Amino acid sequence: MTKKRMSKGKSGNKILHKISGIISRILIWFILVSFFWVLAYRFINPPITLLMITRNIERKSDGKSFKLEKEWVDFDQISKNMKLAAVCAEDQKFLKHMGFDVKAISNAFKSNEQGKSIKGGSTITQQTAKNVFLWPGRSWLRKGFEAYFTLLIEILWSKERILEVYLNVIEMGDGIYGAEAAAQAYYNKSSSKLTRSQAAMIAACFPNPRRWTPLKPTRYIRHKQQLILRNMRRLPLEYKQIP
């Protein structure tokens, strides 16, 4: 009996050892692939994102045609007004944090815990991680991956690159992605020529660009636009130096 138990114990240990070995190899490969993927996108512009693919699958299921309006523009070709409006609307501590705004996350958690409307505490870096490397959703698994990719982005990219990628891939309307496509769709002009008011209006629709549009702004969106414009005037000097 003792020998049989010892044999079973050794067999169980071998299985656990094999499983742990497989998990370790998967983890190492994931870390290596994700590291070089993020590093590559420091220099290579993302051609497409999972969100863009998902949205078109949704369009297809609704009987709509394929729609993907996007045009990549370099950082210095995007209006300074658009850059400032995005920071004021989404992440006013963008230049100071390492990817996470702890206070905003805490406030969002308290608000959601109290049963109020769901609020996010995501920074521009977190949104970039979500938009470029992950799938849409609110699961804890995706949040975990989002935190991981956020840290990688902050370590491997400059703040300028983060904002550049963010403003080129973010959803800005039904089938419209990036500042250039939005500027052309809503104002028939290049993103380099957006006025403060136009940039603030586009940024005011960021939370739900398929529900709100600069073409038919609601009273709520006009109010948000004014708040963003006010914040743009009050920004500290270091933000006003964003090229």
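Residues numbered from 1 in each chain as written. Predicted model: local features only at pLDDT ≥ 70, side-chain atom pairs only at ≥ 80, totals over all residues. Heavy atoms only, no water.

**Considerations on the pattern of salt bridges**
With the rule as written, the count across this model stands at ten salt bridges. A salt bridge links Arg-210 to Glu-171, with the nearest nitrogen and oxygen atoms 3.9 Å apart. Taken together, the residues span a long stretch of sequence, with Arg-210 in the loop between helix H9 (196-204) and helix H10 (219-234) and Glu-171 in strand E2 (residues 171-173) at a distance of 39 residues. With a relative accessible area of 44%, Arg-210 lands in the partly exposed category. Through salt bridges with shared partners, a single ionic network connects Arg-55, Glu-58, Glu-171 and Arg-210. (Salt bridge = Lys/Arg side-chain N within 4 Å of Asp/Glu carboxyl O. Helix = DSSP H or I, 4+ residues; strand = E, 2+ residues; numbered from the N terminus. Buried < 20%, exposed > 50% of the residue type's maximum accessible area, 1.4 Å probe, protein only.)

**Quick look at the environment of Leu-227**
In this structure, Leu-227 sits in helix H10. With 27 residues separating them along the chain, Leu-227 and Ala-200 place their C-alpha atoms 8.8 Å apart.

**Looking at the sheet that holds strand E1 (residues 69-70)**
Strands sit in the order E1-E3-E2 across an open sheet of three strands; the sheet is mixed. The outermost strands of the open sheet, each flanked by one partner alone, are E1 and E2. (Pairing = 2+ DSSP bridges.)

**What about the nonpolar core?**
The biggest cluster of nonpolar side chains holds 55 residues, and the ones touching the most others in it are Met-82, Phe-133, Trp-157, Met-172 and Phe-206. The residues touching Trp-157, leaving out its near neighbours within four places in the chain, are Val-38, Tyr-41, Arg-42, Thr-128, Phe-133, Ile-162 and Val-165. (Core = buried A, V, L, I, M, F, W, Y, C linked by side-chain atoms within 4.5 Å. Contact = heavy atoms within 4.5 Å.)

**Some points on H9**
The buried fraction of H9 is high, at seven of nine residues. Three or more residues of H9 are buried, namely Gln-198, Ala-199, Ala-200, Met-201, Ile-202, Ala-203 and Ala-204. Contact partners of the buried residues in H9: helix H3 (80-90), E2, helix H8 (179-187) and H10.

**Quick word on the side chain of Glu-146**
Note on placement: Glu-146 falls in helix H6 (residues 140-156). For Glu-146, a relative accessible area of 2% translates into the label buried. Side chain to side chain, Glu-146 and Arg-142 meet in a polar contact 2.5 Å long. Once residues lying within four places of it in the same chain are set aside, the contact partners of Glu-146 are Ser-122, Gln-126, Ala-129, Lys-130 and Leu-134. (Polar contact = N/O pair within 3.5 Å; in protein donor to acceptor, adjacent residues only side chain to side chain.)

**Digging into a positive patch on the surface**
On the surface, a cluster of positive charge is contributed by Arg-196, Arg-230, Arg-233 and Arg-234. Here the positive patch takes three residues from H10, the largest share from any one element. With respect to the helices and strands, Arg-230 occurs in helix H10. A residue is classified by how much of its surface remains accessible, and Arg-230, at 36% relative accessible area, is partly exposed. (Patch = residues over 30% accessible without salt bridge, like charges linked within 9 Å, V, L, I, M, F, W, Y side chains within 5 Å. Areas by Shrake-Rupley, 256 points an atom, 1.4 Å probe, with all protein chains shown as cover. Lys, Arg positive; Asp, Glu negative; His and termini not counted. Charge placed at Lys NZ, Arg CZ, Asp CG, Glu CD.)

**Overview of the environment of Arg-222**
Structurally, Arg-222 can be placed in helix H10. Separated by 22 residues in sequence, Arg-222 and Ala-200 place their C-alpha atoms 9.4 Å apart. Discounting residues that sit within four places of it in the chain, Arg-222 has contacts with Met-201 and Pro-217.

**Describing a nonpolar patch on the surface**
A contiguous nonpolar patch, built from Ile-28, Trp-29, Leu-32, Val-33, Phe-35 and Phe-36 and spanning about 630 Å² of accessible area, is present on the exposed surface. Here Trp-29 shows up in helix H1 (residues 2-40). Residue Trp-29 is classed as exposed on the basis of its relative accessible area, which comes to 58%.

**Quick look at the packing of aromatic side chains**
A full pass over the atoms with the stated rule returns 14 aromatic pairs. Where Tyr-41 meets Phe-133, the ring centres are 5.7 Å apart and the plane angle is 35°; that geometry is what we call tilted. Within this pair, whereas Tyr-41 is found in the loop between H1 and helix H2 (50-61), its partner Phe-133 is found in helix H5 (residues 124-133), the two being separated by 92 residues in sequence. On the basis of relative accessibility, which here comes to 12%, the residue Tyr-41 falls in the buried class. Looking at Phe-133, the relative accessible area reads 4%, which means it is buried. An angle of 85° between the planes, with centres 6.2 Å apart, marks the rings of Tyr-166 and Phe-206 as edge-to-face. Here Phe-206 lies in the loop between H9 and H10 and Tyr-166 lies in helix H7 (residues 159-169), a separation of 40 residues in the sequence. Note on accessibility: Tyr-166 and Phe-206 belong to one class, buried. (Phe/Tyr/Trp six-rings, centres within 6.5 Å; stacked < 30°, edge-to-face > 60°.)

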